[in-house]
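# Topology and contacts: notes
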Amino acid sequence: MQKIGVFGGSFNPIHRGHIAMALCALDAFSLQKMLLLPTGNPPHKREGLADKRDRLEMVRLAALEDARLQACDLEVTRGGVIYTVDTLHLLRARMPDASLYYLIGADTLLDLHTWRHVDEVLSLTSFIVCGRPGYGSEEVISCMDTLRQSGAVMYWLDMPALDISATMVRALAAQKGPLEKAVTAKVAAYIRNHALYGA
Ligand code: ATP
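These remarks concern the structure in this document.

Thresholds applied
- Residues numbered from 1 in each chain as written.
- Predicted model: local features only at pLDDT ≥ 70, side-chain atom pairs only at ≥ 80, totals over all residues.
- Heavy atoms only, no water.
- Helix = DSSP H or I, 4+ residues; strand = E, 2+ residues; numbered from the N terminus.
- Rg over C-alpha atoms; globule rule 2.2 N^0.38 Å.
- Buried < 20%, exposed > 50% of the residue type's maximum accessible area, 1.4 Å probe, protein only.
- Contact = heavy atoms within 4.5 Å.
- Areas by Shrake-Rupley, 256 points an atom, 1.4 Å probe, with all protein chains shown as cover.
- Lys, Arg positive; Asp, Glu negative; His and termini not counted.
- Charge placed at Lys NZ, Arg CZ, Asp CG, Glu CD.
- Near = heavy atom within 4 Å.
- Polar contact = N/O pair within 3.5 Å; in protein donor to acceptor, adjacent residues only side chain to side chain.
- Core = buried A, V, L, I, M, F, W, Y, C linked by side-chain atoms within 4.5 Å.

With that settled, consider the overall build of the chain. Broken down by element type, the chain carries eight helices and six strands. Start at the N end of the chain and walk to the C end: the helices and strands fall as β-α-β-α-β-α-β-α-α-β-α-β-α-α. Radius of gyration (C-alpha) of the chain: 16 Å, near the 16 Å computed for a compact globule of 199 residues. Here the C-alpha coordinates of the chain stretch approximately 45 × 35 × 35 Å along the principal axes. Classification of the 199 residues of the chain by burial places 48% in the buried group. For the chain, the share of sequence-separated contacts (at least 6 apart) that also reach a separation of at least 24 residues comes to 72%. Carbon and sulfur atoms form 52% of the exposed surface of the chain, whose accessible area is close to 9,900 Å². Of the charged side chains in the chain, 21 are positive and 21 negative, and the gap between their average positions amounts to 7 Å.

What follows is about the site of the ligand. Around the ligand, the surrounding shell holds 21 residues, and the nearest of these are Asp-107, Thr-108, Arg-132, Ala-166 and Thr-167. At a separation of 2.9 Å, a nitrogen atom of the ligand approaches a polar backbone atom of Leu-162. Summarising the interface, the protein chains cover 89% of the accessible area of the ligand, which totals 600 Å² for the free molecule. Those elements giving two or more residues to the shell around the ligand turn out to be strand S1 (3-9), helix H1 (16-28), strand S4 (99-105), helix H4 (106-111) and helix H7 (166-174).

Here we take up the side chain of Thr-87. Here Thr-87 lies in helix H3 (residues 84-94). When its relative accessible area of 2% is taken as the criterion, Thr-87 is described as buried. Once residues within four sequence positions are removed from consideration, Thr-87 is found in contact with Leu-37, Leu-74, Glu-75, Arg-78 and Ile-82.

In this section: the environment of Val-183. Here Val-183 lies in the loop between H7 and helix H8 (185-193). A sequence separation of 76 residues divides Val-183 from Asp-107, and the C-alpha atoms of the two residues are 21 Å apart.

Let's shift gears to the nonpolar core. With 37 residues, the main nonpolar core has Ile-14, Met-34, Leu-103, Leu-157 and Ile-191 as its most contacted residues. Counting residues per element, the ones that place at least two in this core are H1, strand S2 (33-38), helix H2 (52-63), S4, strand S5 (126-130), H7 and H8. Ignoring sequence-local partners within four residues, the contact set of Ile-191 consists of Pro-13, Met-58, Val-169, Ala-173, Leu-179, Leu-196, Tyr-197 and Ala-199. Core analysis: the second largest hydrophobic core is formed by 31 residues, Val-85, Leu-88, Leu-124 and Met-154 among them.

Pasting the structure below:
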């Protein structure tokens, strides 16, 4: 049976923290590949959100770092409001024999109960949770336990927490600071060449 990682996010932009978590999850859970799924543009423009085509292109560039990383345009090419539950149904239909492992950070874990049709989401995929600075382990463990009690399959990704966010990258770009420590060289060049985030 194929084991496929699914990593959704605004990826505004995709940064080295995202890549490090994806590679760690691929290795730790022996996944065949990790789909990187940028969200579409929300119906109401979110302040500072780059166009979905730019975010997808940066994901494509970042995916060149490892052959197991694969940019997926499933959410970017769909119109209307897009929910993870619908995306997971589409992925299950495309790969009926695969087990899905959805990768999230601790902040997203604590938000999971607000997702549309969360019980259905939990029945369609297992979750791999990565710690994040600012999110205490007690809170995270208790949230994972509660979800497990309602039937969820939750795994913990054992790696050092990474102090990096897309917010930090956007601030750095706006200050015309060096981006290469935070994003891959190709993504940094794309941000500069397209003057994204005030770069
Ligand atoms: P922003 O700063 O704009 O909120 P972000 O850095 O959180 O963005 P997203 O694209 O929103 O990036 O995140 C996609 C997924 O990656 C989410 O599940 C988020 O929790 C996770 N994630 C992002 N950065 C980290 C990190 N440094 N450590 C752990 N998880 C992370």
